[in-house]
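# Analysis of the macromolecular model
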Amino acid sequence: MSLPLRRLAVAVVAVSALLVPGASAAPDAPVLAPLGATAPVPSAAAVTTALAGPSGVPALGGDLAGEVVDARSGSVLWQRAASAPHLVASTQKLLVAAAALSVLGPGDGPVTTLLTAGAIAGGVLHGDLYLRGGGDVLLQTMPTSAPTSAPTTTWPATASLDALAAQLAAAGVRTVTGSVVGDGTLFTGPAEAPGWRPTYVSQGSVAPVTALEVDHGRIGTSNVRSLDPATTAAGYLRGRLQAHGITVEGGTRRGGTPAGAVQLAAVTGAPVAVQVQEMLENSDNDLAESLGRRLALALHLPPTFAGASAAIMQTLSRAGLPIGSTHLTDASGLSRDDGVTPQLLTAVLRAAATTRADWRPLLVGLPVAAFSGTLADRDTGPAGVGAAGVVRAKTGNIEGVTAVAGTVVDAHGRLLLFSFVTDRAVGLVASENALDVLAGALVPL
């Protein structure tokens, strides 16, 4: 098993054992001992004292909000403006993760298809070839893993255009007389959300939202995003078709697949559980927006920013979580028109840790302080040494906003949940360090 996959397997077992008393695992699997119900709950006074100094540092701009909750009992141990909506940036991805796992389910994978309305005779496809996207943001040009008989080299294993081309070649097609058409029309509405900075696409933070994008909508190996991901994807497919001996006489363009088109090939992408883990660990904006739209479609809502936002809120409300004054404009948390209560963030984490086994991938996907994802290079200095390897949290930052929400096991073995955010951050690095110190202050309790 490769290192990334082994790390994932260990994390799954460890989190299961950590949060579910009596959880079992394979005899050779390294696990953490289950937390005992008798571990003492820190007092609210102790938590308040521990956070008093770190919460007042200048980098937080005098505007810290958040909440600390005991996971098992739900007791609130510290709270500041926790029921008011705040810009929380990418920590908002916790909401779409929970909603997608609820409705789509951990095993659901998006499907990308090749179709045609033309006829095939003697190895010649007379007409256009349509590449219809199903919202698979992790779709790649080339395979990301070796054959099943060899060790996996990259995680997560993803679907690829090369596999689609190989299927078409195996079916005997040698020539396409028409064009390769990229179809991203499963998602509708604007490609960029209200409240997004104009630079988010141009600087590579996110691609224009469409149901068809390959390699995260990037152009070549750069971080530059295509302004037309569907047409770019069609061009990449054309190249893979030629590599498999299929001549394409036409060009590439963007368009919808005609009614009655016949499916020629299909690939299924990574399941929701894997997509959620990847989204949270690396704060993947494209995955968040795609999951939001797929959720909207499942609930028969428009696959737009508004539809996705409504679907997330509707799902969490039905799950009994305290929605309060939370309001969303997008799924990723990039929009400055979003507003999420710290109380809702900790409620999502508590449900995942206690009552919602189907949300467990959300916990597995949280970056680990000084080890993985967006926390890999944090909590490594003297100020954060207590949190290294102990804190697991989703981070978030946009201009002037720094946030973090996650879990920590204190010195007595009690699982605590926290959310901290400031939307008056004074310097990105300084404010991130300040929030890391806050999370680390919970460790010795």
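Summarised in this report is the structure supplied together with it. Model, not experiment: these values are computed from the prediction.

## Focus on the packing of aromatic side chains
Under the definition given, this model contains three aromatic pairs. With a centroid separation of 5.8 Å and an interplanar angle of 65°, the aromatic rings of W78 and F420 are classed as edge-to-face. One end of the pair, W78, is in strand β2 (residues 76-80); the other, F420, is in strand β14 (residues 415-422), with 342 residues separating them in the sequence. Neither residue differs from the other here; W78 and F420 are each classed as buried. On the numbers, 5.5 Å between centres and 20° between planes, the contact of F418 with F420 is stacked. Just as F418 is buried, F420 falls in that class too. Through a chain of ring-to-ring contacts, three or more aromatic side chains come together here, namely W78, F418 and F420. Taking the ring centre of F305 as reference, the NZ or CZ of R293 above it sits at 4.1 Å.

## A closer look at the pattern of salt bridges
Considering all chains together, one arrives at 13 salt bridges under this definition. The salt bridge involving R225 is made with D286; its shortest N-O contact spans 2.9 Å. Within this pair, whereas R225 is found in the loop between α5 (199-202) and α6 (229-243), its partner D286 is found in helix α8 (residues 285-298), the two being separated by 61 residues in sequence. Each member of the pair, R225 together with D286, is buried.

## A word on the environment of E249
Mapping E249 onto the fold places it in the loop between β9 (247-248) and β10 (252-254). In contact with E249, other than residues within four places in its own chain, are T175, V176, T177 and G178.

## Examining unusual backbone geometry
With phi around 55°, A89 is a residue other than glycine that occupies positive phi space. Positionally, A89 belongs in the loop between β2 and α3 (93-103). Even without a glycine there, the phi angle at S283 is positive, about 50°. Tracing the backbone through its elements, the reader meets S283 in the loop between α7 (272-282) and α8. For S283, a relative accessible area of 17% corresponds to the buried category.

## So, the side chain of E432
Tracing the chain through its elements places E432 in helix α12 (residues 428-440). Those residues within four positions of E432 in sequence are excluded, and the remaining contacts are R378, N397 and T402.

## Some remarks on empty space enclosed by the protein
Tallied over the entire structure, the rule returns two cavities of 30 Å³ or more. Reported here for the second largest cavity is a volume of approximately 40 Å³. In terms of residue class, the lining of the second largest cavity is built from four nonpolar, two polar and three charged.

## Considering the packing of α7 against α8
Taken N-terminus to C-terminus, the directions of α7 and α8 make an angle of 145°; their axes are 10 Å apart at the nearest point. In the packing of α7 onto α8, the handedness of the crossing is left-handed. Two secondary-structure elements touch here, α7 through V272, Q275, V276, E278 and M279 and α8 through L287, A288, L291 and R294. The class makeup of the residues in the contact of α7 with α8 is six nonpolar, one polar and two charged.

What counts, and where the lines are drawn
Residues numbered from 1 in each chain as written. Predicted model: local features only at pLDDT ≥ 70, side-chain atom pairs only at ≥ 80, totals over all residues. Heavy atoms only, no water. Phe/Tyr/Trp six-rings, centres within 6.5 Å; stacked < 30°, edge-to-face > 60°. Helix = DSSP H or I, 4+ residues; strand = E, 2+ residues; numbered from the N terminus. Buried < 20%, exposed > 50% of the residue type's maximum accessible area, 1.4 Å probe, protein only. Lys NZ or Arg CZ within 6 Å of the ring centre and 35° of its normal. Salt bridge = Lys/Arg side-chain N within 4 Å of Asp/Glu carboxyl O. Contact = heavy atoms within 4.5 Å. 1 Å grid on protein atoms, 1.4 Å probe; cavity = no way out; pocket = protein on both sides within 12 Å on 5 of 7 lines; lining within 4 Å. Points joined across faces, edges and corners; volume = space filled by probe spheres on them. Nonpolar A, V, L, I, M, F, W, Y, C, P; charged D, E, K, R; others polar. Axes fitted to C-alpha atoms, helices over the stretch in contact; angles between N-to-C directions. Left-handed = near helix turned anticlockwise from the far one by under 90°.

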